Structure formats: C-alpha cells, structure tokens
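# What the coordinates show
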Amino acid sequence: MIEVPSGTLIIVVFFDKVMITLGPPRLIIIGLIMLATVIYLRNGIFGIKQQFRSWRNKKKSERRSTRAEKGGELLPEEATEINNADEAYRRRYDKMQRDFLKTLVTPDIIDEHRRGPQLQHSEALERLLIYFRSQPQPDKYAISAMDDGFRIVALSGFRGVAPRVVEDKIYKTTKDAYHGVFLRRVHDLLES
C-alpha cells in the first residue's frame, strides 16, 4: 500500500474527472504525476532518499572521526556500525599500544638497531620489532635483492600481485637495508 499525499490525490482526480476533454494524454499526465509522487515519497522506487540520507550520515561520521581523533581509535558513533565487537576492541588496543611504543623511540634505540639489526636487542627495541613484525601483510615493508644491492618494497598482501617499490635508494648491505626498513617503520609509527 502506498501513502499518497492528499494534494497529489486531488490533482489526479482533477485530471481524471474534470480534464476529460484532454482524452488519452490525461492518462499519461496522471501516470507521470503518480511516478513523480512515488519517487519522492519516503522510500521512493528504490529507496533513493533513504539511501542518500544514510550515505550522507556515513560521510558525516567519517569526517567527524578524522577530525575528532587521530590514529584509529573508534568513536562511540562508529562503534555502533561495527558488528564485531572484537574489531572495535582490537583497534582500541592497537592505538594504546602505538601510544606506548612511541615513547620507546629514542636516538639510543635507533643507534642500537643501526649497529646490529639482527643481534640481541634491549627490551625496548625488542618490543618495537615484535610490533612491526606482527603487522598485517598488505603494505608491509620488505627487502628486495637486486643485482647492485637491496631495495625496500611494500608487499601487496595478495597472491600474484608484485610488491611496489617504496624508494629509489639502493642499499649496499643487508644490514643497511634492515636498518632502512626499521627507520621507515619507526617513521610510520610516529606519524600514526
């Protein structure tokens, strides 16, 4: 059952009963009026108005979330849109962990990694490395061997898709390449 505004009903009756002299074109006019009414009702033919409003509210929420916070923690209004509560908690935990790890980044830690990227590390450096290694595969930094040295690439995370080159700098040794990856990860952490 379709709800029709009373004004539309009056117009349709007017064209049907009073403008009978128009003949068959009046039926086309009545059809167009009814079509326009259905399109602009609450749900429309395909729920266009409702879809537009939900899209607009979603965009407002996205703008608000980027403006109100930085780094991935959910706002209360975003949490209602996520069906999996584990995802909301994981994002919040990840933000708290990143905030703590940012305090561990010091010139001494960076120098310790430069001296020996594959040696025994202090607790602070080991925590940073464990966090970096546990990140998801897409856009994770890796080292690609070349004829004249090593280059840093970012993995796509999908089978059959080649990694993309991150920088043109070529490292002569694996030690330098490991440290270059570490510096990129530290930079990303501090920017998050």
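Coordinates for the structure precede this section.
The paragraphs below set out a description of the structure included in this document. Since this is a predicted model, take the numbers as computed values, not measurements. (Residues numbered from 1 in each chain as written. Predicted model: local features only at pLDDT ≥ 70, side-chain atom pairs only at ≥ 80, totals over all residues. Heavy atoms only, no water.)

### Points about the environment of Val166
Inspection of the secondary structure puts Val166 in the loop between strand 3 (164–165) and helix 8 (174–191). Through-space distance from the C-alpha of Val166 to that of Tyr141 is 8.4 Å; in sequence the pair is 25 residues apart. Leaving out residues up to four positions away in the same chain, Val166 has contacts with Tyr141, Ile152, Val153, Ala154 and Arg184. (Helix = DSSP H or I, 4+ residues; strand = E, 2+ residues; numbered from the N terminus. Contact = heavy atoms within 4.5 Å.)

### Observations regarding the sheet that holds strand 2 (residues 149–154)
Whenever strands of a sheet pair, they do so through backbone hydrogen bonds, lying parallel or antiparallel. Spatially, the 3 strands line up as an open sheet ordered 1-2-3, and their pairing is antiparallel. Of all the strands in the sheet, just strand 1 (141–146) and strand 3 have a single pairing partner and so form its edges. Here strand 2 pairs with strand 3 via 2 bridges, running antiparallel. Along strand 3, the bridge assignment pairs Val153 with Val165. Contacts from helix 8 reach strand 1 and strand 2, with the element oriented near 155° to strand 1. (Pairing = 2+ DSSP bridges. Axes fitted to C-alpha atoms, helices over the stretch in contact; angles between N-to-C directions.)

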